[in-house]
Amino acid sequence: MSAVVPLPRIHPLAAEVANQIAAGEVIERPASVVKELVENSIDAAASKITIDIARAGIKLIRVQDNGQGIHKDDLALALQSHATSKLTRVSDLSQIASLGFRGEALPSIASVSRFQLISRQQHADNAWSIDNSLVLKPAAHAEGTTVEVKDLFHATPARRKFLKSERTEWLHIQSLVKAVALGHSHIAFQLRYEDQHNLYFASCSELPQQRVVDVCGKAFLQHSVVVDAGRESMHVRGWIGLNEVARSQTDRQYFFVNGRLVQDKHIQHALRLAYSDTVARGRYPSYVLFLQLNPADVDINVHPAKSEVRFAEPRNVHDFIYASLTNAFANNNRTEVKPGKPARGETGSTSSVNEPTAFYRQTDQLQQELLKQTESGVNYLELLEGKFLIVDTGSDQLLIDVADTGILLALHELLHAYRTGRVEQRPIQVSVSCNLTIKQQLIVQEQQALIKQWGFIIEPISPEQVAVRAIPAMLSYADIVPLVKDFLNALCSKEHNEQVAARLAEHVNDAGLNINEAYVALLLEKINRYEQQSTALKSLPWRRLDAAALAAMLNSQA
Ligand code: ADP
Ligand code: MG
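The rules behind the values
- Residues numbered from 1 in each chain as written.
- Chains lettered and ligands numbered in written order.
- Predicted model: local features only at pLDDT ≥ 70, side-chain atom pairs only at ≥ 80, totals over all residues.
- Heavy atoms only, no water.
- Near = heavy atom within 4 Å.
- Polar contact = N/O pair within 3.5 Å; in protein donor to acceptor, adjacent residues only side chain to side chain.
- Helix = DSSP H or I, 4+ residues; strand = E, 2+ residues; numbered from the N terminus.
- Nonpolar A, V, L, I, M, F, W, Y, C, P; charged D, E, K, R; others polar.
- 1 Å grid on protein atoms, 1.4 Å probe; cavity = no way out; pocket = protein on both sides within 12 Å on 5 of 7 lines; lining within 4 Å.
- Points joined across faces, edges and corners; volume = space filled by probe spheres on them.
- Phe/Tyr/Trp six-rings, centres within 6.5 Å; stacked < 30°, edge-to-face > 60°.
- Buried < 20%, exposed > 50% of the residue type's maximum accessible area, 1.4 Å probe, protein only.
- Lys NZ or Arg CZ within 6 Å of the ring centre and 35° of its normal.
- Salt bridge = Lys/Arg side-chain N within 4 Å of Asp/Glu carboxyl O.
- Expected span 1.5 Å × (residues − 1).
- Core = buried A, V, L, I, M, F, W, Y, C linked by side-chain atoms within 4.5 Å.
- Contact = heavy atoms within 4.5 Å.
- Pairing = 2+ DSSP bridges.
- Axes fitted to C-alpha atoms, helices over the stretch in contact; angles between N-to-C directions.
- Parallel < 35°, antiparallel > 145°, perpendicular 65-115°, else oblique.
- Left-handed = near helix turned anticlockwise from the far one by under 90°.
- pLDDT = per-residue confidence, 0-100.

1. So, the site of ligand 1
Stage number 1. The environment of ligand 1 is made up of 21 residues, and the closest members are Asn 40, Thr 84, Ser 85, Lys 86 and Gly 103.
Stage number 2. A distance of 2.6 Å is found between an oxygen atom of ligand 1 and a side-chain nitrogen or oxygen belonging to Thr 84.
Stage number 3. Sort the elements by how many residues they give to the shell around ligand 1 and helix α4 (residues 105–111) lands first, with three residues.
Stage number 4. Along the lines of polarity and charge, the residues of the shell around ligand 1 split into nine nonpolar, eight polar and four charged.

Quick look at the structure:
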């Protein structure tokens, strides 16, 4: 008999490790169950994953794989919270290569469904099954694992109420499977709806672009530019769609970090900047990009659904992505697209997915509808897509206009930093060039010290052109060219410092910023500081909501 490498076994995590893990609700809707189960199959090194769905996943979700299976004695552990085979020590958290690591998905799913797990480990004589009753029974099954989830949320009608229509939930499941399939082209995926063949992606490890064609269509590849670039330990590859394949929504934007589909404001900003000349206004670019970097340089233990990450060097990553995309557009490398057959089943209902398929974004929105309670004791409610916040500070309530408050606070901070000679610079690694008028150019030549004091480094490179090498750190997310032009115009017309700061503050750009606990706490802190330091407390973009203020608001409407 050949020697068998023992597979990792499941064990409960020590409390100190469990406590380090970003906890939270992972199971919000049928698509979240599919995500967790499919990720488990991927972690188990499956080469084929079959997903069966009935009634949008509410009646049935079955995920079957041919992966390494679970040891009979570990089946009960698999259903125990914080038991995992993927992680042991706190230090492992910085080196996670698997998609899962929290040991929470199966117990959470089992607690809200009629649940059955059947598994047969490689070289085991037979399969074993376990269900909600935790009784082990022998079963028939090929090597691999099947998880069957029936009557999801049957005992929690409140949760069911939050589900959208069956069609919407089904669309979520399809988008999710497509996204996961894009990230793992060596695995074959089959998605069936009520026993009808629906989607089939054959394994294509030799030719990953076949998977891109299967998921995004041939036209996408035909009208996109190849990205393949590396710097230090980072590598980005993939395809960026040109204007021809831009869309009216963000449903074809896939960015993977170490195999994980994520949302990140730095990356989104770099993409927006790189795309600014390529895609028409009001349209959304399509792209499929894979960023690989050292696992120690990215923290994935930030968000319960692991859809957000934290980079150790976000600016580095930002500038690298921006530079790689800009170069790719300039080089205009194309993939040769051979006439091939579309993915089987890639017809009818599947290709007409026309809802924003950014699954993770939507689950976030769902969360936003709920009042959030934060650890700091600050309750807040987001209104109108995060444009306004109602914050309960414990002692009173505030109504905040998020954008205007951002601008006012930036103005205040910039002016203060300018006056004390402490405007922090944010270097632009890939310098941005900018065409100027003669007047603007003169200012650049004559006012270097002043320009620097405002946090900029701008160098003339030709009679009409300058290179921007740094901008104020506070305006990191601003679009650089309009920012610099506005700034130089303000200097040209010899505006007061307040006016210059006001012009600059208009460029504060928090688009894509996630409003979360830390954000709200910081905002409150800044508002309090502003109120203490500033005497101009009229027409502020926030208001304390005492009874008199509420009455005044209602009366002014009448
Ligand atoms: P996590 O994936 O975070 O470890 P889960 O609750 O999703 O936690 O799964 C618990 C454990 O069950 C995993 O660590 C793994 O050992 C085992 N497991 C779950 N699904 C599968 C599968 N499809 N194939 C093999 N093992 C699995
Ligand atoms: Mg898991």
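2. Describing the layout of surface pockets
Stage number 1. Considering only enclosed or pocket space, the second largest pocket measures out at about 660 Å³ in volume.
Stage number 2. What lines the second largest pocket is a set of 36 residues, among which Ile 10, Asn 40, Ile 70, Ser 85 and Lys 86 lie closest to the centre.
Stage number 3. Looking at the lining of the second largest pocket, the elements that each hand over two or more residues are α2 (30–43), β3 (60–65), β4 (83–84), α4 and β8 (144–150).
Stage number 4. For the lining of the second largest pocket, the element with the highest residue contribution is α2, accounting for five residues.

3. Some remarks on the packing of aromatic side chains
Stage number 1. If you walk through the whole model with that rule in mind, you get seven aromatic pairs.
Stage number 2. Judged by centre distance (4.9 Å) and plane angle (15°), the rings of Phe 256 and Phe 290 are stacked. Taken together, the positions of Phe 256 in strand β13 (residues 253–257) and Phe 290 in strand β15 (residues 287–292) put the pair 34 residues apart, joining distant regions of the chain.
Stage number 3. Judged by its relative accessible area of 2%, Phe 256 is buried.
Stage number 4. Put simply, the rings of Tyr 275, Tyr 287 and Phe 329 pair up and form one aromatic cluster.
Stage number 5. One residue, Lys 72, lies across the ring of Trp 128, its end atom 4.3 Å from the ring centre.

4. Here's the deal with the pattern of salt bridges
Stage number 1. The full count for this structure, using the stated rule, is 19 salt bridges.
Stage number 2. With a shortest N-O distance of 3.4 Å, Lys 526 and Glu 413 are connected by a salt bridge. Taken as a pair, Lys 526 in helix α18 (residues 517–533) and Glu 413 in helix α13 (residues 402–419) lie far apart in primary sequence, 113 residues in all.
Stage number 3. On the accessibility criterion, Glu 413 (22% relative accessible area) is partly exposed.
Stage number 4. One network of salt bridges, with partners in common, ties together Asp 52, Arg 62, Glu 148, Lys 150 and Arg 192.

5. Describing helix α6 (residues 166–183)
Stage number 1. The terminal C-alpha atoms of α6, which comprises 18 residues, lie 26 Å apart, in line with the 26 Å expected from a rise of 1.5 Å per residue.
Stage number 2. Counting buried residues along α6, 15 of its 18 residues qualify, which places the element largely inside the surrounding structure.

6. Here we look at the nonpolar core
Stage number 1. With 71 residues, the main nonpolar core has Ile 240, Leu 291, Trp 454, Phe 456 and Phe 487 as its most contacted residues.
Stage number 2. Aside from chain neighbours lying at most four places away, what touches Trp 454 is Leu 414, Leu 415, Tyr 418, Val 423, Pro 472, Phe 487, Leu 491, Asn 497, Val 500, Ala 501 and Leu 504.
Stage number 3. In this structure, Ala 31, Ile 109, Ile 130 and Trp 239 belong to the second largest nonpolar core, which totals 62 residues.

7. Concerning the pairing of β15
Stage number 1. Buried residues dominate β15, accounting for five of its six residues.
Stage number 2. Pairing between strand β12 (residues 234–241) and β15: six bridges, direction antiparallel. Looking at the pairing, Gly 238 lines up with Leu 289 of β15.

8. So, the packing of α6 against helix α7 (residues 208–216)
Stage number 1. Contact geometry of α6 with α7 gives a least axis separation of 9 Å together with a crossing angle of 165°. Here α7 runs roughly antiparallel to α6, going by the angle between their axes. α6 and α7 meet at a crossing whose hand is left-handed. Residue-level inspection shows Lys 178, Ala 181 and Leu 182 of α6 in contact with α7, the latter providing Arg 211, Val 212, Val 215 and Cys 216.
Stage number 2. Looking at the contact of α6 with α7 residue by residue, the classes come out as five nonpolar, no polar and two charged.

9. A short note on the confidence of the model for the protein chain
Stage number 1. Summarising the model, the protein chain shows a mean pLDDT of 82, and 85% of its residues fall at 70 or more.
Stage number 2. Here residues 341–376 is modelled with pLDDT under 50, and outside its nearest four sequence neighbours on either side it reaches 81 contacts, counting other chains as well.

10. Considering the side chain of Ser 113
Stage number 1. Note that Ser 113 resides in the loop between α4 and β5 (114–120).
Stage number 2. Assessed through its relative accessible area of 4%, Ser 113 is described here as buried.
Stage number 3. A distance of 2.9 Å separates a polar atom in the side chain of Ser 113 from the backbone oxygen of Ile 109.

11. So, the sheet that holds β12
Stage number 1. Strand order in the open sheet formed by five strands is β11-β12-β15-β13-β14, and the pairing between neighbours is mixed. Single-partner strands in this sheet number two, and they are β11 (224–231) and β14 (260–261).
Stage number 2. Where β13 lies against β15, five bridges are found, and the strand directions are parallel. Within the sheet, the bridge partner assigned to Tyr 254 lies in β15 and is Val 288.
Stage number 3. Most of the contacts of helix α9 (residues 265–275) go to β15, to which it runs at about 130°, and overall it touches β12, β13 and β15.

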